[in-house]
Amino acid sequence: MPRKRTTDEGDELLARLGSLTAQARERAELQRTRVELAIALQRGMLPRDLPTPRGVRLAVRYAPACHGLNVGGDWYDAFTLPDGRLGLSVGDVQGHNIEATAFMGQVRVGLRALASVTGEPGELLARTNELLLTLGSELFATCTFMRLDPVTGLLESARAGHIPCVWATADGKSGVAEDEGGPPLGVLEHVVYPVTRYRLTKGGVFVLLTDGVVEGPSLSVEEGLDQVVRLAGVAAVAGMDAGSLAAAVIRGAERVGHEDDAAVLVVGHDGVLGPRASRVQP
């Protein structure tokens, strides 16, 4: 009898272990499915194609966070405005979950829709801000929106709580763009977003990015931006194509030490003569 009870207890233990193992597999499979769905949703909300006007070089790279359900939030976009100029945006929604992904889609679509009414960057961000406030969401977004004239190289930029972009020229100059900016979208009413104007000259580049590329536990935002400045400077002098520069910048995101998503949009111009990209006073 004692031997039989021991065997029964062993069988019961094995059965319990088998049941727990099956439950763990089911939870793991469910988690994997949720992550795949979230990533698919996020990627589906980003543009598949970029405009290709003569003289302009565009390239994007995107690396989603794939830890748990930490996906969603960052976006990039490039599209042709009604007057033939280009609208360029990059941004980041607060949070890293499916709700952030959905909100990101609303912001990106809102920018595109309102850009058919006004492409002026400051006014566009102000109108998008008011639109988001009417949604009643607790989320907010940071964003940079630029309008580029492919013929003249005039680049107009407005920033809503987002990290600044990086510029470089073919004659070896590079740095972090200096513009005033305003608060994130969806936080305050009646915000005015200042516009800064630049001239993107032949061989020059602008690099728009999200903070997941340059900031984290292992790297301060200043160090991260300096890293991108060096890469952009070398790329401009060497005549590196926009895609190679974007790939090099996104690889730098591996050094920041956190599990955030990251987006890079590189803008280059081949059709404007001049010694350097310069800031144009309003």
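Residues numbered from 1 in each chain as written. Predicted model: local features only at pLDDT ≥ 70, side-chain atom pairs only at ≥ 80, totals over all residues. Heavy atoms only, no water.

A. Examining the environment of Gly 161 more closely. Within the element layout of this structure, Gly 161 appears in the loop between strand E5 (154-160) and strand E6 (166-168). Along the primary structure Gly 161 and Pro 183 are separated by 22 residues, whereas in three dimensions their C-alpha atoms are 4.7 Å apart. With sequence-adjacent residues up to four places away left out, Gly 161 is seen in contact with Thr 142, Gly 182, Pro 183 and Pro 184. (Helix = DSSP H or I, 4+ residues; strand = E, 2+ residues; numbered from the N terminus. Contact = heavy atoms within 4.5 Å.)

B. Broad picture of the pairing of E5. In terms of burial, E5 is largely enclosed, as seven of its seven residues are buried. Burial along E5 is two-sided: Leu 154, Glu 156, Ala 158 and Ala 160 and Leu 155, Ser 157 and Arg 159, pointing in opposite directions, are all buried. (Buried < 20%, exposed > 50% of the residue type's maximum accessible area, 1.4 Å probe, protein only.)

C. Layout of the pattern of salt bridges. This structure, assessed with the given rule, holds ten salt bridges. Across the salt bridge formed by Arg 108 and Asp 77, the nearest N and O atoms sit 3.0 Å from each other. Of this pair, Arg 108 sits in helix H2 (residues 98-115) while Asp 77 sits in strand E2 (residues 74-80); the two residues are 31 residues apart in sequence, bridging distant segments of the chain. Among the residues examined, Arg 108 registers a relative accessible area of 11% and is labelled buried. What makes Asp 77 buried here is its relative accessible area of 1%. Measuring nitrogen to oxygen at the nearest pair gives 2.8 Å for the salt bridge that ties Asp 83 to Arg 85. (Salt bridge = Lys/Arg side-chain N within 4 Å of Asp/Glu carboxyl O.)

D. View of the sheet that holds strand E9 (residues 205-209). Here five strands make up an open sheet; going across it, the order is E1-E10-E9-E6-E7 and the pairing antiparallel. The outermost strands of the open sheet, each flanked by one partner alone, are strand E1 (56-63) and strand E7 (174-176). Taking each pair of neighbouring strands and ignoring which way they run, the sheet shows an average axis angle of 15 degrees. Two elements, E1 and strand E10 (residues 262-269), share eight bridges in a ladder whose sense is antiparallel. Across the sheet, the residue bridging to Arg 57 is Gly 268, located in E10. Where helix H6 (residues 242-251) meets the sheet, it contacts E1, E9 and E10, and its direction lies at approximately 25 degrees from that of E1. (Pairing = 2+ DSSP bridges. Axes fitted to C-alpha atoms, helices over the stretch in contact; angles between N-to-C directions.)

E. Broad picture of H2. In a regular helix each residue adds 1.5 Å, so 18 residues correspond to 26 Å; H2 covers 26 Å between its end C-alpha atoms and thus fits that length. Among all positions in H2, only Ala 100, Thr 101, Phe 103, Met 104, Gly 105, Val 107, Arg 108, Gly 110, Leu 111, Leu 114 and Ala 115 are buried. (Expected span 1.5 Å × (residues − 1).)

F. Representation of the packing of helix H5 (residues 221-238) against H6 in the model. At their nearest, the axes of H5 and H6 sit 10 Å apart, and the two run at 160 degrees to each other. Taken together, the axes of H5 and H6 are roughly antiparallel relative to one another. With respect to the hand of their crossing, H5 and H6 are arranged in right-handed fashion. Across from Val 228, Leu 231, Ala 232 and Ala 235 in H5, the residues of H6 making contact are Leu 245, Ala 248 and Val 249. (Parallel < 35°, antiparallel > 145°, perpendicular 65-115°, else oblique. Left-handed = near helix turned anticlockwise from the far one by under 90°.)

G. Highlighting the packing of H2 against helix H3 (residues 121-135). Contact geometry of H2 with H3 gives a least axis separation of 10 Å together with a crossing angle of 135 degrees. As judged from the angle between their axes, H2 and H3 are oblique. For H2 against H3, the interelement crossing comes out right-handed. The segment H2 lies against H3, with Phe 103, Gln 106, Val 107, Gly 110, Leu 111, Leu 114 and Ala 115 engaging Leu 124, Leu 125, Arg 127, Thr 128, Leu 131, Leu 132 and Leu 135. Here the residues of the contact of H2 with H3 are counted per class, giving ten nonpolar, three polar and one charged. (Nonpolar A, V, L, I, M, F, W, Y, C, P; charged D, E, K, R; others polar.)

H. The arrangement of the confidence of the model for the chain in detail. With 76% of its residues at a pLDDT of 70 or more, the chain has an overall mean of 83. With pLDDT under 50 throughout, residues 272-282 is counted as low confidence; its partners more than four residues away or in other chains account for 33 contacts. (pLDDT = per-residue confidence, 0-100.)

I. Up close: the packing of aromatic side chains. Taken as a whole and judged by the stated rule, the model has three aromatic pairs. Measuring from centroid to centroid gives 6.3 Å for Phe 79 and Phe 145, while their planes differ by 45 degrees, and the two rings are tilted. Here Phe 79 is found in strand E2, whereas its partner Phe 145 is found in strand E4 (residues 141-148), with 66 residues between them in sequence. Neither Phe 79 nor Phe 145 differs from the other in exposure class; each is buried. (Phe/Tyr/Trp six-rings, centres within 6.5 Å; stacked < 30°, edge-to-face > 60°.)

J. Structural context of a negative patch on the surface. A surface patch of negative charge is lined by Glu 215, Glu 222, Glu 223 and Asp 226. Tracing the backbone through its elements, the reader meets Glu 215 in the loop between helix H4 (211-214) and H5. You can call Glu 215 partly exposed: its relative accessible area is 35%. (Patch = residues over 30% accessible without salt bridge, like charges linked within 9 Å, V, L, I, M, F, W, Y side chains within 5 Å. Areas by Shrake-Rupley, 256 points an atom, 1.4 Å probe, with all protein chains shown as cover. Lys, Arg positive; Asp, Glu negative; His and termini not counted. Charge placed at Lys NZ, Arg CZ, Asp CG, Glu CD.)

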